[in-house]
Amino acid sequence: MRLRISFFIAGWLGFLIMVSPFASSFAFKDSRSTTPSQATTTTLKDNSGDLQESDISRFTDAISQIKDYYVQPISDKKLLEDAIRGMVSGLDPHSEYLDQDAYKSLLMTTNGAFGGLGIEVTGEYGVLKVISPIDDTPASKAGIKSGDYIVAIDGKLVDEMTLNEAVDSMRGKKGTTVSLTIIRKDQKTPITLHLVRDEIRITTVKSRLLKDGFGYLRISEFGKPTADLMVAAIDALKKQAGGRLNGLVLDLRNNPGGLLESAVDISDKFLDTHKIGNLYNQQIVYTEGRLQGKQYVGKITAKNQDGDIINNAPLVILINEGSASASEIVAGALQDYHRAIVVGVQSFGKGSVQTVLPLDDTHAIKLTTALYHTPSGRVIQNKGITPDVLVGNLEIAPSTQDDSAMNPIREFELKGHLPGNETANNTEFNQLDALNLARTDFQLYEALDILRTMHTLGQNTLIATPTPTISKNN
């Protein structure tokens, strides 16, 4: 029995070394070429130390015990699958083994619409942590929040499932129902929500013109067409504002990320090489990792003499704890170049790169291969982006008392009062508008207030802009 298991393990280790892109970093040490004191131990060397023969023996013993004594017969194939799955999942929350079903599901998700809830999650503490709900999906409509923990799906505990199994159980045909049991920080007891699955088609860009020529642009996820959709939306806002915006709020709250190239392209639209010179080598983002020759550097390409897409108007970016990955790249880049004021709360802190490495036609591993850095060299992973202006998402409750009893009589309420002029009426209307905005979205209210201040001062930032460095080759 032991001999059969040893052959199985030897074949398994050989398989791993053969398919691994990092195979060159592993080597067997032949005991025949070592000194006498080393000759008794065979080791598998890697960058973290020596793997002793006793370690391999312990592994083979475990398999032998499972094969001999587990309550049900179990195949070598399943043991192999589970060994790879456990090995990869133990690395970090974002690395995972993709078996045939998981690999197919990944391809389906990235290539089109799918039935589900519209929620981005990651594994943490044996349960699912919500990164963010996606706009206009069953998850966002049900009130699921960033930071919620999903502990059970249809009554089954999440810690009894793999990450793939948990995600798959939330997907399903449009119109079918699923119940989620959630733990929320400010709630003493779990919350059970009943959701109806829908086809998830994400509207990545929304916009509207705010008062006084200020624009609002919401990006909910970074996909292939997002940059083009953003340009079209800004052009439409400019026309509504009479040809030019006085400022723009870019809302990246609860945006879980998406395509890296899309984030770079969108950042590029707001940066002008003629104004920043060769500061930070004109980088928007770069990665560092062990995969040689595969590191990514995204650079500024805009050459518009007239400035960026909003003509150097003030820019405020809104982020929160649900802003992750590509959202943090955009906020971090525009913050480093002092092109935008970042407002809100600390972002999620997901600054790692996952690469899907196929093992064969139907299996793959999704492996964390690098970490993102902002242009100035800040690491996003596990830290996030710190806002320039910290603004929590406060809720201003409307008065529960009769407003007429609380407020003094004003001029327009007096009998025979003079009508005033149109400007005064507009001012009153704007004040009421502002109060309604503060009640419905306090962070946006504060962002708009900052934007107005910047516009009044004639500045596109309230923070001193770093002096551009000009390259000798420029």
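Position numbers for residues count from 1 along each chain, tracking the sequence in the order it is written. It should be noted that, the model being predicted, local features are given only for residues of pLDDT at least 70 and side-chain atom pairs only at 80 or more, the latter also being counted only at that level, while totals for whole chains, interfaces and linings use all residues. Only hydrogens and water are set aside when side-chain values are computed; all heavy atoms of the structure are taken into account.

What follows deals with the overall build of the protein chain. Counting its regular elements, the protein chain contains 13 helices and 22 strands. Counting the 474 residues in the protein chain, one finds 42% classified as buried. Intrachain contacts of the protein chain at a sequence separation of at least 6 include 69% that bridge at least 24 residues. Residue exposure ignores everything except the shown protein chains as possible cover, and the areas themselves are Shrake-Rupley values with a 1.4 Å probe. Entry remark: accessible area of the protein chain is about 25900 Å², with carbon and sulfur atoms responsible for 53%. Where helices and strands are cited, they refer to DSSP runs of H or I of at least four residues and of E of at least two residues respectively, numbered from the N terminus. Remark: exposure states derive from per-residue accessible area (1.4 Å probe, protein chains only) relative to the maximum for the residue type, with buried under 20%, exposed over 50%, and partly exposed in between. Throughout, a residue-residue contact means that at least one pair of heavy atoms, one from each residue, lies within 4.5 Å.

Attention now moves to the pairing of strand 18 (residues 315-319). Looking along a regular strand, one sees side chains alternate from face to face of the sheet. With respect to burial, strand 18 is a largely interior element, five of its five residues being buried. Both faces of strand 18 are covered, namely the face carrying L315, I317 and I319 and the face carrying V316 and L318. At least two bridges found by DSSP between two strands is the condition for calling them paired. Looking at chain direction, strand 15 (residues 247-251) and strand 18 are connected through four bridges and run parallel. Within the sheet, the bridge partner assigned to L250 lies in strand 18 and is I317. Alignment of strand 18 against strand 19 (residues 341-344), held across four bridges, turns out to be parallel. The residue of strand 19 that forms the bridge with L318 is V343. For the handedness criterion, the β-α-β arrangement of strand 18, helix 10 (residues 326-336) and strand 19 is classed as right-handed. For a crossover, the right-handed case is the one in which the path from the first strand over the helix to the second runs clockwise, viewed with the strands pointing away from the viewer.

What follows is about the packing of aromatic side chains. Paired rings are identified among Phe, Tyr and Trp, the last through its six-membered ring, by centres lying within 6.5 Å, and are further divided according to the angle between planes into stacked (under 30 degrees), edge-to-face (over 60) and tilted (the rest). This structure, assessed with the given rule, holds three aromatic pairs. With centroids separated by 6.3 Å and ring planes inclined at 40°, the aromatic side chains of Y125 and Y149 adopt a geometry described as tilted. With Y125 in the loop between strand 6 (119-124) and strand 7 (127-133) and Y149 in strand 8 (residues 149-153), the pair connects residues that are 24 residues apart, well separated along the chain. Y125 sits in the exposed class, given a relative accessible area of 73%. Among the residues examined, Y149 registers a relative accessible area of 15% and is labelled buried. With centroids separated by 6.0 Å and ring planes inclined at 35°, the aromatic side chains of F442 and Y445 adopt a geometry described as tilted.

On to unusual backbone geometry. Positive phi outside glycine occurs at N254, with the angle close to 55°. As for its position among the elements, N254 is in the loop between strand 15 and helix 8 (260-269). A positive phi is found at N312, a non-glycine position, where the angle reads about 65°. Within the secondary structure layout, N312 lies in the loop between strand 17 (297-299) and strand 18. Looking at N312, the relative accessible area reads 29%, which means it is partly exposed.

Take helix 10 next. The buried fraction of helix 10 is high, at eleven of eleven residues. Turning to helix 10, its buried residues number three or more, namely A326, S327, E328, I329, V330, A331, G332, A333, L334, Q335 and D336. Of the surrounding elements, those touching the buried residues of helix 10 are strand 15, helix 8, strand 16 (283-289), strand 18, strand 19 and strand 21 (364-373). In the segment just after helix 10, H338 is the residue with positive phi, at about 55°.

A few words on the confidence of the model for the protein chain. The pLDDT value tells you how sure the predictor is about a given residue, anywhere from 0 up to 100. Averaged over all residues, the pLDDT of the protein chain equals 80, while 75% of them reach at least 70. This stretch, residues 1-44, has a pLDDT under 50; its non-local contacts, to residues over four places away or in other chains, come to 62 contacts. Contacts from residues 422-429, a stretch scored under 50 in pLDDT, to residues over four places away or in other chains number two contacts.

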